[in-house]
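One-letter residues, chain by chain:
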Amino acid sequence: GAVVSQHPSRVICKSGTSVKIECRSLDFQATTMFWYRQFPKQSLMLMATSNEGSKATYEQGVEKDKFLINHASLTLSTLTVTSAHPEDSSFYICSAQVGTSTDTQYFGPGTRLTVL
Amino acid sequence: AQSVTQLGSHVSVSEGALVLLRCNYSSSVPPYLFWYVQYPNQGLQLLLKYTTGATLVKGINGFEAEFKKSETSFHLTKPSAHMSDAAEYFCAVSAPGGADGLTFGKGTHLIIQP
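Let me sum up the structure you'll find in this document.

Calculation criteria
- All residue numbers refer to position in the chain's written sequence, counted from 1.
- Here chains are named by letter from A upward and ligands by number from 1 upward, in the order in which they appear as written.
- Local features in a predicted model are, by the rule used here, given only for residues with pLDDT of at least 70; side-chain atom pairs are given and counted only at 80 or more, and totals for whole chains, interfaces and linings are based on all residues.
- To get the side-chain values, take all heavy atoms of the structure and skip hydrogens and water.
- The way it works is that DSSP assigns letters per residue, a run of H or I at least four long becomes a helix, a run of E at least two long becomes a strand, and they are numbered from the N terminus.
- Radius of gyration here is computed from C-alpha atoms only, and the compact-globule reference equals 2.2 Å multiplied by the residue count raised to the power 0.38.
- Burial classes: relative accessible area under 20% of the type maximum marks a residue as buried, over 50% as exposed, and values in between as partly exposed (1.4 Å probe, protein chains only).
- Only heavy atoms enter the contact rule, under which two residues are in contact if any of them lie within 4.5 Å.
- Counting rule for charge: Lys and Arg are taken as positive, Asp and Glu as negative, and neither His nor the chain ends is counted.
- Lysine's charge is taken at NZ, arginine's at CZ, aspartate's at CG and glutamate's at CD.
- Strands pair, by our definition, only if DSSP identifies at least two bridges between them.
- To obtain an axis, a line is fitted to C-alpha atoms, over the contacting stretch when the element is a helix, and the angle between two such axes runs from 0 to 180 degrees between their N-to-C directions.
- By convention a nonpolar core is built from buried Ala, Val, Leu, Ile, Met, Phe, Trp, Tyr and Cys residues, the set being connected through side-chain atoms within 4.5 Å.
- By convention in these notes, a salt bridge is any Lys or Arg side-chain nitrogen within 4 Å of a carboxyl oxygen on Asp or Glu.
- Whenever two N or O atoms come within 3.5 Å, that pair is a polar contact, provided that in protein one can donate a hydrogen and the other can accept it, and provided that, for residues adjacent in sequence, both atoms are side-chain atoms.

### As for the overall build of chain B
Helices and strands together make up the secondary structure of chain B, namely 0 helices and 11 strands. Secondary structure elements of chain B, listed N to C terminal, follow the sequence β-β-β-β-β-β-β-β-β-β-β. Radius of gyration (C-alpha) of chain B: 13 Å, near the 13 Å computed for a compact globule of 114 residues. The 114 residues of chain B split such that 45% are buried. Taking all contacts inside chain B whose residues are at least 6 apart in sequence as the whole, residues at least 24 apart take part in 57%. Charge separation in chain B, taken as the distance between the mean sites of 7 positive and 7 negative side-chain charges, equals 5 Å.

Next up, the structure:
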């Protein structure tokens, strides 16, 4: 149980285009989902917290107009990287939390974004 | 504000030897502490967690960790390393409840020597 999927697993795009990444909780409802970014050989950095039906909360330094997050249902959150540039190339990982007062996050397998 | 420091970006042990991965944290509130493992090309998997109660917590695959408040530490151990333990290990901290997301350490790459 508690499986989280991400799609696509890899994406290559040209500079200036937008890319959408989906995060789905497959066998549970996730009121809260988180988006992280992982640079090569570095740790995960929290980008934003996404709550179903409300606006995402972004961490300091994360451009909300560039990284659009939508959490329209209890099983789906999307991250759209708008007008992507090579410096946005990274590994994007989502996680989903079961319920609102639990402490365990279940992580998706990640999406490798390469911007040419 | 919270932070996590993992000592040693790479740790190498022989198969069958003790595994010790170090994690120290900083938190202004009583922390929730986690260890995650990441195998190549896979997502993070929870090994174990401490929230409240018993300070020695046991996780999957024979791993355990002890919360020591006085030392602000949450070191991960395993008595006998297996080749399959080779992976990246992340220590993470959150505020109670975890609603604010996780703060991760930089990770420790565990290498198992045959």
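So much for the structure itself; the text now carries on.
### What to know about the sheet that holds strand S8 (residues 76–81) of chain A
Residues and elements named next belong to chain A. Strand order across the open sheet formed by 4 strands is S1-S3-S8-S7, with antiparallel pairing between neighbours. Both outer strands of the open sheet, strand S1 (4–7) and strand S7 (67–73), are each paired with one neighbouring strand and no more. If you compare each strand with its neighbour and ignore which way they point, the axes differ by 15° on average. Strand direction decides the pairing type here: strand S3 (residues 19–25) and S8, joined by 6 bridges, are antiparallel. Each residue of the ladder has a partner; that of Lys-20, found in S8, is Thr-80.

### Here's the deal with the pairing of strand S3 (residues 19–27) of chain B
Residues and elements named next belong to chain B. Sheet analysis places strand S1 (residues 2–7) next to S3, joined by 6 bridges and oriented antiparallel. Considered in S3, the bridge of Val-4 is made with Tyr-25. Pairing of S3 with strand S8 (residues 73–78) involves 4 bridges; the strand directions are antiparallel. Bridged to Val-19 within S8 is Lys-78.

### Observations regarding the nonpolar core
Within the largest apolar cluster, 27 residues are counted, with the highest numbers of intra-cluster contacts made by Trp35(B), Leu48(B), Phe74(B), Leu76(B) and Tyr89(B). Of all elements in the fold, only strand S2 (10–14), S3, strand S4 (32–38), strand S5 (44–50), strand S7 (64–68), S8, strand S9 (87–94) and strand S11 (108–113) of chain B reach the threshold of two or more residues within this core. Ranked by size, the runner-up nonpolar core spans 23 residues in total, among them Cys13(A), Ile21(A), Phe28(A) and Ala48(A).

### So, the pairing of S8(B)
In the case of a regular strand, side chains alternate between the two sheet surfaces. Residue and element names in this part refer to chain B. Among the 6 residues in S8, 5 count as buried, and that is most of the element. Sheet topology note: the S7/S8 ladder contains 5 bridges and is antiparallel. Across the sheet, residue Ala-65 finds its bridge partner in S8, namely Leu-76. Between S7 and S8, which pair antiparallel one after the other, the connecting turn spans 4 residues, and Thr-72 there sits at a positive phi close to 45°.

### Focus on the pattern of salt bridges
Counted by the stated rule, this structure contains 4 salt bridges over all chains. Across the pair Glu22(A) and Arg24(A) runs a salt bridge whose closest N-O atoms are separated by 3.4 Å. Glu22(A) gets classed as partly exposed once you look at its relative accessible area, which sits at 23%. By relative accessible area, which is 33% here, Arg24(A) ends up partly exposed. Where Asp85(B) meets Lys78(B), a salt bridge forms, and the shortest distance between an N and an O atom there is 2.9 Å. For Asp85(B), a relative accessible area of 2% gives the class buried.

### As for the environment of Val11(B)
Residues and elements named next belong to chain B. Along the chain, Val-11 falls in strand S2. Residue Val-11 is classed as buried on the basis of its relative accessible area of 17%. Along the backbone, Val-11 and Ser-94 are 83 residues apart, and their C-alpha atoms lie at a distance of 25 Å. Dropping the residues within four chain positions of it, Val-11 is found in contact with Leu-20, Leu-21, Thr-108, His-109, Leu-110 and Ile-111.

### Here's the deal with the side chain of His75(B)
Residue and element names in this part refer to chain B. By secondary structure assignment, the location of His-75 is in strand S8. Judged by its relative accessible area of 19%, His-75 is buried. A distance of 2.9 Å separates the side chain of His-75 from the backbone nitrogen of Cys-23, its partner in a polar contact. In this structure His-75 touches Leu-20, Leu-21, Arg-22, Cys-23, Asn-24, Trp-35, Glu-64, Ala-65 and Glu-66, once residues within four positions along its chain are discounted.

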